[in-house]
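Tertiary structure, described
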Amino acid sequence: MAEIIDGNAVADDVRQSLTDAIETLADAGARPGLATVLMGDDPASETYVNMKQRDCEEVGIEGTHVDVDGDASPAQLYDTLEDLNTDPDVHGYLVQSPVPDHIDYREVIHRIDPAKDVDGFHPENVGRLVAGNDRFRPCTPHGVQKLLEAYDVDTEGKDVTIVGRSRIVGKPLANLLIQKADDGNATVTVCHSRTENLAEKTRSADIVIAAVGVPEFVDGSMIGEGATVIDVGINRVETDTEKGYELVGDVEFESAKEKAGLITPVPGGVGPMTRAMLLYNTVKAASIQEDVDVDLP
Ligand SMILES: Nc1nc2c(c(=O)[nH]1)N[C@@H](CN(C=O)c1ccc(C(=O)N[C@@H](CCC(=O)O)C(=O)O)cc1)CN2
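What counts as what
Residues numbered from 1 in each chain as written. Predicted model: local features only at pLDDT ≥ 70, side-chain atom pairs only at ≥ 80, totals over all residues. Heavy atoms only, no water. Helix = DSSP H or I, 4+ residues; strand = E, 2+ residues; numbered from the N terminus. Expected span 1.5 Å × (residues − 1). Buried < 20%, exposed > 50% of the residue type's maximum accessible area, 1.4 Å probe, protein only. Axes fitted to C-alpha atoms, helices over the stretch in contact; angles between N-to-C directions. Parallel < 35°, antiparallel > 145°, perpendicular 65-115°, else oblique. Contact = heavy atoms within 4.5 Å. Nonpolar A, V, L, I, M, F, W, Y, C, P; charged D, E, K, R; others polar. Polar contact = N/O pair within 3.5 Å; in protein donor to acceptor, adjacent residues only side chain to side chain. UniProt positions renumbered as here; feature names shortened; annotations may be inferred. Near = heavy atom within 4 Å. Areas by Shrake-Rupley, 256 points an atom, 1.4 Å probe, with all protein chains shown as cover. 1 Å grid on protein atoms, 1.4 Å probe; cavity = no way out; pocket = protein on both sides within 12 Å on 5 of 7 lines; lining within 4 Å. Sits in = over half its atoms within 2 Å of the grid points. Domains from an automatic or database assignment. Patch = residues over 30% accessible without salt bridge, like charges linked within 9 Å, V, L, I, M, F, W, Y side chains within 5 Å. Salt bridge = Lys/Arg side-chain N within 4 Å of Asp/Glu carboxyl O. Left-handed = near helix turned anticlockwise from the far one by under 90°. Phe/Tyr/Trp six-rings, centres within 6.5 Å; stacked < 30°, edge-to-face > 60°. Lys NZ or Arg CZ within 6 Å of the ring centre and 35° of its normal. Buried area = accessible area lost by both parts, 1.4 Å probe. Core = buried A, V, L, I, M, F, W, Y, C linked by side-chain atoms within 4.5 Å.

What about helix α10 (residues 270-290)?
Along its 21 residues, α10 runs 30 Å from first to last C-alpha, staying within 8% of the 30 Å computed at 1.5 Å per residue. Across the 21 residues that make up α10, a large majority, 17, are buried. Of the residues flanking the end of α10, it is D291, one or two places downstream, whose phi is positive at about 55°.

The structure is reproduced here in structure tokens:
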């Protein structure tokens, strides 16, 4: 039976360890500022930006939220981004994804000043990460690395299978884990919809990372005895409950926990870490822009 990883506790530790850096910035007369941009009214996205704003308040980051009408034109959205690019009080910002269908998210990302791109999605930041010279690690992959570190899961020489090749998680995480670094040096296999013998590739892995966006895609039969299982999926599945839905990961938790040595739950696993690493990137952005040296965890 697996030990269950407590993502909320590790995220608390990250937030706590950012307070010194925020104090150092305050002593220099600077307060980190994060803006969230939400276009449209996707209920899950509304929840996430509210949580991000609440996190800012908790640690002393100046949070600003901008709502953009779901029917607004691309040009209207780009005007908002230009305002944020030139606002000296906003050190970092993000556009919550997904955006409405008539908006090209890639084009949106291009228009974010790379120095304020605290999601780490801009091509300049992606290129830096691949080159091993990262500025902002994307929040979810970085959060996964921090979780592994917190639970003493050494990645050096280990076989890691990532299920999912998304731009936000699979690709950057694979890049980070193969890097010659203390939190890298792994041998990484990235699986996707065309992968053959997928279950063999997950079963032979020391660490399985499910980031495919399909509820309960990975079950216990796909996990090797004692493996570490990281579930990145956060899927809203409709139920008859008052809330109307429940959160389900990409891993079938009950069967996987019988085989795994360590496993993340959903909720309470990777999600809180994504938010904590966004705060981390915001503090880093402020320290670079304000030219104040801070110690980051
Ligand atoms: N611009 C971005 N858009 C999206 C990102 C992102 O990193 N940048 N990632 C996801 C959503 N996401 C962050 O925005 C996110 C998802 C979930 C959580 C979280 O804390 N989940 C909780 C449960 C929350 C709930 O009750 O619904 C948990 O798992 O415990 C944080 C961030 C897609 N879009």
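Having seen it, we continue.
A closer look at the packing of helix α6 (residues 139-150) against α10
The interhelical angle for the contact between α6 and α10, taken along N-to-C directions, is 110°, at an axis separation of 8 Å. Relative to α10, the element α6 is oriented roughly perpendicular. Contact residues: α6 offers C139, T140, H142, G143, V144, K146 and L147, while α10 offers V270, M273, T274, M277, L278, Y280 and N281. Classifying every residue of the contact of α6 with α10 gives eight nonpolar, five polar and one charged.

A closer look at the side chain of T195
Checked against the element boundaries, T195 lands in the loop between β6 (187-191) and α8 (198-203). A polar side-chain atom of T195 sits 2.7 Å from the main-chain amide nitrogen of H192. Ignoring sequence-local partners within four residues, the contact set of T195 consists of V190 and K201.

What to know about the UniProt feature "domain: Tetrahydrofolate dehydrogenase/cyclohydrolase catalytic" (unreviewed entry) in the protein chain
Using the residue numbers shown here, the UniProt feature "domain: Tetrahydrofolate dehydrogenase/cyclohydrolase catalytic" (unreviewed entry) corresponds to residues 5-119. Secondary structure content for residues 5-119 is 50% helix and 16% strand, and the end C-alpha separation is 24 Å.

Considering the site of the ligand
Contacts to the ligand come from 19 residues, most closely from K52, Q96, D119, G268 and R275. In this structure, V95 approaches the ligand through a main-chain N or O atom, which is 2.9 Å from a nitrogen atom. In this structure, an oxygen atom belonging to the ligand sits 2.7 Å away from a side-chain N or O atom of R275. Protein contacts shield 86% of the accessible area of the ligand, which totals 690 Å² for the unbound molecule. Given that more than half its atoms are within 2 Å of the pocket grid, the ligand belongs to the largest pocket. Among the secondary structure elements, those contributing two or more residues to the shell around the ligand are α2 (43-59), β4 (92-95) and α10. Structurally, the shell around the ligand is a two-domain feature, drawing no fewer than three residues from each of domain 1 (27-133 + 273-289) and domain 2 (139-270).

Some thoughts on a nonpolar patch on the surface
There is a patch of nonpolar side chains on the surface, built from V212, V214 and F217 and spanning about 200 Å² of accessible area. Within the element layout of this structure, F217 appears in the loop between β7 (207-210) and β8 (228-231).

A look at the packing of α6 against helix α7 (residues 170-178)
Packing of α6 against α7 brings their axes to within 8 Å, and their N-to-C directions diverge by 40°. One way to sum up the angle between α6 and α7 is to call them oblique. When you trace α6 past α7, the crossing you get is right-handed. Here P141, V144 and Q145 of α6 lie close against α7, whose contacting residues are P172, L173, L176 and L177. Grouping the constituent residues of the contact of α6 with α7 by class yields six nonpolar, one polar and no charged.

Focus on the packing of aromatic side chains
If you walk through the whole model with that rule in mind, you get zero aromatic pairs. One cation-aromatic arrangement involves R111 over Y78; the distance from NZ or CZ to the ring centre is 3.8 Å. In this structure, R236 is placed above the aromatic ring of Y245, and the distance from its NZ or CZ to the ring centre is 4.1 Å.

As for the domain arrangement of the protein chain
Along its sequence, the protein chain is carved into domain 1 (27-133 + 273-289) and domain 2 (139-270). For domain 1 versus domain 2, the distance between C-alpha centres works out to 25 Å. Of the residues lining the interface, 18 residues belong to domain 1; the matching set on domain 2 comes to 16 residues. A buried area of about 1400 Å², summed over both sides, lies between domain 1 and domain 2, and 61% of it is on carbon and sulfur atoms. Area buried by domain 1 at its contact with domain 2 is led by L129, M273 and M277, which between them contribute 38% of it.

Brief notes about the nonpolar core
In terms of nonpolar packing, the biggest core is built from 46 residues, with I61, V144, I209, I230 and V232 touching the most fellow members. Those elements giving two or more residues to this core turn out to be α1 (7-27), α2, α6, β5 (159-163), α7, β7 and α10. Residue contributions to this core peak at 10 residues, all from α10. Among the nonpolar cores identified, the runner-up in size contains 19 residues, and V68, L81, I103 and Y105 belong to it.

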